[in-house]
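Read off the chains here:
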Amino acid sequence: MCFQKNLMLLQLLLVLSCCMSSQVVVTAVLPGRWNLLLQNSGVSAMHTTLSHTGKIIIFDRTDYGASQIKLSPTDKCRNDPKDVALVIDCWAHSVEFDPSTNSVRPLEILTDTWCSSGAFLANGTLVQTGGWNDGAKVIRHFSPCYSAICDWEEFPPQLAEKRWYASDQILPDDRVIVVGGRKAFSYEFVPRQETELAFVPLPFLQQTNDHKVENNLYPFLHLSSDGSLFIFANADSILLDYRSNSVIRRFPTMPGGSRNYPSTGSSIMLPLLAAENFQRIEVMICGGAPSDAFTQAIAGIFLTALQSCGRMVITDTNPKWEMETMPISRVMGDMIILPNAQILIVNGAQRGSAGWGLARDPVLMPLLYSPSEAVSQRFQILSASTIARMYHSTANLLPDGRVLVGGSNTNTDYAFNGVLFPTELRLEAYSPYYLDSSFSALKPTIIRFYPTTITLNSAFNVQFSVPTSPRSDLQISIYAPPFTTHSVSMNQRLLALSIINVKNLGGSTDLATVKSPPNAVAAPAGYYLLFVVNAGIPSTGAWIQLQA
Ligand SMILES: *[C@@H]1O[C@H](CO)[C@@H](O)[C@H](O)[C@H]1NC(C)=O
């Protein structure tokens, strides 16, 4: 018993790296593991998102021809004379993956969703916008269910502009803003109010568009703490007040190259902190490619991807990019905010560009990034996967803290033979070090929380237990799962909440009283994953519904 206790103390000492006051950073002493979850997901995971039923919604495009999963027998086959691959199509192009059984269920989409975007509404319904061809102006809903009956609902074309390679952000009023897309230098709202323009021109998207290589598609969007929208395209960024259609800020150009499709990098908002009243917004963008990577790759020259990341506090008076160097160059990486506020950078390639067959040298090793460590100690190289995740691959945090990795299809159809990178249907999970059993003594378990529906700007209670005591650097966070495609994690945000009080209920059980976010700008209403983090080791997440 005593020996065990000493061992735990020793682990604690190993784990806690020094003494940051607000945010203790854990050094990953272990590189983590990969596990294959499913050999054949049926549909390649080009667009993915975690719904509040714990299932992952996956879709690619309707005109790929045969996928590897049939529609369910009760579905009618698609019959689309204009389909470029298969007019009568009985294959599914969307599935729902259930991580509790590692199985998929086919879903039916009728119009093309290729290279589209999405966001969750406050009630948990996924709004999906745009795509290609007959799908370019379509809005679709998916209302997640615990049973196996929910499916896509498609509406007649409603978007004012074609939205192919656009990005979405959920707004504080529970509407979605859709920004950009190929040849769409504008934004629009879903749903639109009668008094609003069908679409609003945004010259910034023209200015950042080099007509030979666009490099500004799938712009990075982040909702800032004043309610306006940070938009990053290519190497430049603005703060847009979409309510008055005015650009209220222009930020310095980010050095190093291009960051958006097809020179695809990735962007996140670093965790928002109650200690700063959720006012300070820091954006981090990593990877990308030289501005001519796409044209060079078409000519058979695969340029080395960018090795830099930049961080900028967009709410500062004089914001500037602080540049850092990753251990490995990366184009088409995905960035996931882990429950303990560390960042995982995963997927992608070391050379080339996004686009069909335009990248080489897959980066099999994820990176862990610890935002509040000293600059030289932020990156750590993690265990390598054996599966290349090139163009059209995705990553999503699962409630238990694993990261689901899927997709990769750099071919014009589903191709399994005679190509450099076969279409990838395997789903795998990366388990970060914090899931290792050597940390189980530190790992909190959420027992319950109440009230069960949490309103903004109110106190709520979280009952949890941790095998070891005392607690160390306790944090309680909520996480909005992103809609992920093309290395863009739309709407991803983590908020570290203010803990008002922690009371021991006897034994290893504690009751924390926590303050919810103050308003829908800090946290748009919707479903979030609640995590208790002890000494950097997170609990499994519990779904909470945050109401305005
Ligand atoms: C959620 O809200 C949207 C927009 O009002 C509505 O269309 C949808 O049916 C709602 N979903 C559920 C599950 O109530």
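As the structure is a computational prediction, the values presented were derived from the model and not from experiment.

Side note on the overall build of the protein chain
Okay, step 1: Secondary structure summary: the protein chain contains three helices and 45 strands in total.
Okay, step 2: Relative to the 2.2 N^0.38 estimate, which gives 24 Å for 548 residues, the radius of gyration of the protein chain is 22 Å and therefore close to what a compact globule would have.
Okay, step 3: Referenced to the eigenvectors of the C-alpha coordinate spread, the extents of the protein chain come out at roughly 70 × 55 × 50 Å.
Okay, step 4: Within the protein chain, the proportion of its 548 residues that are buried is 63%.
Okay, step 5: By sequence separation, contacts in the protein chain at least 24 residues apart represent 62% of the contacts at least 6 residues apart.
Okay, step 6: With the model as given, the accessible surface of the protein chain reaches about 19800 Å², and the carbon-plus-sulfur share is 55%.
Okay, step 7: Of the charged side chains in the protein chain, 38 are positive and 42 negative; the average position of the first set lies 3 Å away from that of the second.

So, the site of the ligand
Okay, step 1: Contacts to the ligand come from L121, N123, T125, H141 and S143.
Okay, step 2: In the model, a nitrogen atom of the ligand is placed 2.9 Å from a nitrogen or oxygen of the T125 side chain.
Okay, step 3: Protein contacts shield 39% of the accessible area of the ligand, which totals 360 Å² for the unbound molecule.
Okay, step 4: A breakdown of the residues in the shell around the ligand according to their chemical character gives one nonpolar, four polar and no charged.

With respect to the confidence of the model for the protein chain
Okay, step 1: With 95% of its residues at a pLDDT of 70 or more, the protein chain has an overall mean of 94.
Okay, step 2: Confidence scores differ between elements of the protein chain, with helix α1 (residues 2-15) showing the lowest mean pLDDT of 36 and strand β17 (residues 229-233) the highest of 99.

Here we look at the domain arrangement of the protein chain
Okay, step 1: Here the domain parsing of the protein chain yields domain 1 (2-435) and domain 2 (439-547).
Okay, step 2: Here the C-alpha centroids of domain 1 and domain 2 sit 23 Å apart.
Okay, step 3: Residue-level contacts link 79 residues of domain 1 with 48 residues of domain 2.
Okay, step 4: Carbon and sulfur atoms make up 65% of the surface buried where domain 1 meets domain 2, a total of about 4800 Å² over both sides.
Okay, step 5: Counting across the domain 1 and domain 2 interface gives zero salt bridges.

A look at the sheet that holds strand β16 (residues 220-223)
Okay, step 1: Pairing is antiparallel across the open sheet formed by four strands, whose spatial order is β16-β17-β18-β19. In this open sheet, the two edge strands, each paired with only one partner strand, are β16 and β19 (246-250). Adjacent strand axes in the sheet meet at a mean angle of 25°, parallel and antiparallel pairs treated alike.
Okay, step 2: Relative to strand β18 (residues 236-241), β17 runs antiparallel, the two sharing five bridges. Bridging from a neighbouring strand, L229 pairs with L240 of β18.

Some words on the sheet that holds strand β42 (residues 509-515)
Okay, step 1: Read across the sheet, four strands follow the order β34-β36-β42-β41 without closing on themselves; strand pairing throughout is antiparallel. Both outer strands of the open sheet, β34 (445-450) and β41 (498-504), are each paired with one neighbouring strand and no more. Going from strand to strand, the sheet's axes swing by 25° on average, the running direction of each strand aside.

So, the environment of T129
Okay, step 1: Here T129 lies in strand β9 (residues 126-129).
Okay, step 2: Its relative accessible area of 0% is what places T129 among the buried residues.
Okay, step 3: Those residues in contact with T129, other than ones at most four positions away along the chain, are S116, S117, G118, V138, L159, R163, D168, V178 and V190.
Okay, step 4: Within the local environment of T129, its side chain forms a polar contact with the side chain of D168, the two groups lying 2.7 Å apart.

Regarding the environment of A520
Okay, step 1: In this fold, A520 is placed in the loop between β42 and β43 (526-534).
Okay, step 2: Its relative accessible area of 12% is what places A520 among the buried residues.
Okay, step 3: Note: C-alpha distance between A520 and D173 (347 residues apart in sequence) is 7.6 Å.
Okay, step 4: The contacts of A520, once residues within four sequence positions are left out, are P172, L223 and L456.

Considerations on the state of the cysteines
Okay, step 1: Within this structure, the stated rule accounts for three disulfides.
Okay, step 2: Two residues, C145 and C150, share a disulfide whose sulfurs are 2.0 Å apart. Its S-S torsion of about -75° marks the bond between C145 and C150 as left-handed, since a negative value means left-handed.
Okay, step 3: Assessed through its relative accessible area of 12%, C145 is described here as buried.
Okay, step 4: Between the sulfur atoms of C286 and its disulfide partner C309 the distance amounts to 2.1 Å. Every disulfide takes its handedness from the sign of the S-S torsion; for C286 and C309 that torsion is 110°, giving right-handed. With a gap of 23 residues between them, C286 in strand β22 (residues 282-286) and C309 in strand β23 (residues 308-313) connect regions that are remote in the sequence. Here the two residues C286 and C309 agree in accessibility, since each one is buried.

Points about the packing of aromatic side chains
Okay, step 1: Evaluated as defined, the whole model comprises 22 aromatic pairs.
Okay, step 2: Here the aromatic rings of Y64 and Y414 are separated by 5.2 Å at their centres, their planes lie at 50°, and the arrangement is tilted. Here Y414 lies in the loop between β32 (403-407) and β33 (427-431) and Y64 lies in the loop between β3 (56-59) and β4 (78-79), a separation of 350 residues in the sequence.
Okay, step 3: Between W114 and W132 the ring centres are 4.9 Å apart and the planes differ by 85°, which places this aromatic pair in the edge-to-face class.

As for the nonpolar core
Okay, step 1: The biggest cluster of nonpolar side chains holds 132 residues, and the ones touching the most others in it are I343, V462, L495 and L530.
Okay, step 2: If one sorts the elements of this core by residue count, β43 sits on top with six residues.
Okay, step 3: When residues of this core are sorted by domain, at least three fall in each of domain 1 (2-435) and domain 2 (439-547).
Okay, step 4: Apart from residues no more than four positions distant in its own chain, L495 is found in contact with L272, F278, I476, S477, I478, P517, A522, A523 and Y528.

Points about the side chain of T125
Okay, step 1: Summarising the element assignment, T125 is placed in the loop between β8 (117-120) and β9.
Okay, step 2: At 2.8 Å, the side chain of T125 and the side chain of S143 are in polar contact.
Okay, step 3: Those residues within four positions of T125 in sequence are excluded, and the remaining contacts are A119, F120, H141, F142, S143 and P144.

Description of the pairing of β18
Okay, step 1: A large share of β18 lies buried, amounting to five of its six residues.
Okay, step 2: Counting the residues in the hairpin turn of β17 and β18 gives two residues, including N234, whose phi is positive at 70°.
Okay, step 3: Bridging between β18 and β19 involves four bridges; their strand directions are antiparallel. When the sheet's bridge partners are listed, L239 is paired in β19 with R249.
Okay, step 4: Connecting β18 to the next strand, β19, in antiparallel fashion are four residues, including N245 with a positive phi near 45°.

Conventions adopted
Residues numbered from 1 in each chain as written. Predicted model: local features only at pLDDT ≥ 70, side-chain atom pairs only at ≥ 80, totals over all residues. Heavy atoms only, no water. Helix = DSSP H or I, 4+ residues; strand = E, 2+ residues; numbered from the N terminus. Rg over C-alpha atoms; globule rule 2.2 N^0.38 Å. Buried < 20%, exposed > 50% of the residue type's maximum accessible area, 1.4 Å probe, protein only. Contact = heavy atoms within 4.5 Å. Areas by Shrake-Rupley, 256 points an atom, 1.4 Å probe, with all protein chains shown as cover. Lys, Arg positive; Asp, Glu negative; His and termini not counted. Charge placed at Lys NZ, Arg CZ, Asp CG, Glu CD. Near = heavy atom within 4 Å. Polar contact = N/O pair within 3.5 Å; in protein donor to acceptor, adjacent residues only side chain to side chain. Nonpolar A, V, L, I, M, F, W, Y, C, P; charged D, E, K, R; others polar. pLDDT = per-residue confidence, 0-100. Domains from an automatic or database assignment. Buried area = accessible area lost by both parts, 1.4 Å probe. Salt bridge = Lys/Arg side-chain N within 4 Å of Asp/Glu carboxyl O. Pairing = 2+ DSSP bridges. Axes fitted to C-alpha atoms, helices over the stretch in contact; angles between N-to-C directions. Disulfide = S-S within 2.5 Å. Phe/Tyr/Trp six-rings, centres within 6.5 Å; stacked < 30°, edge-to-face > 60°. Core = buried A, V, L, I, M, F, W, Y, C linked by side-chain atoms within 4.5 Å.

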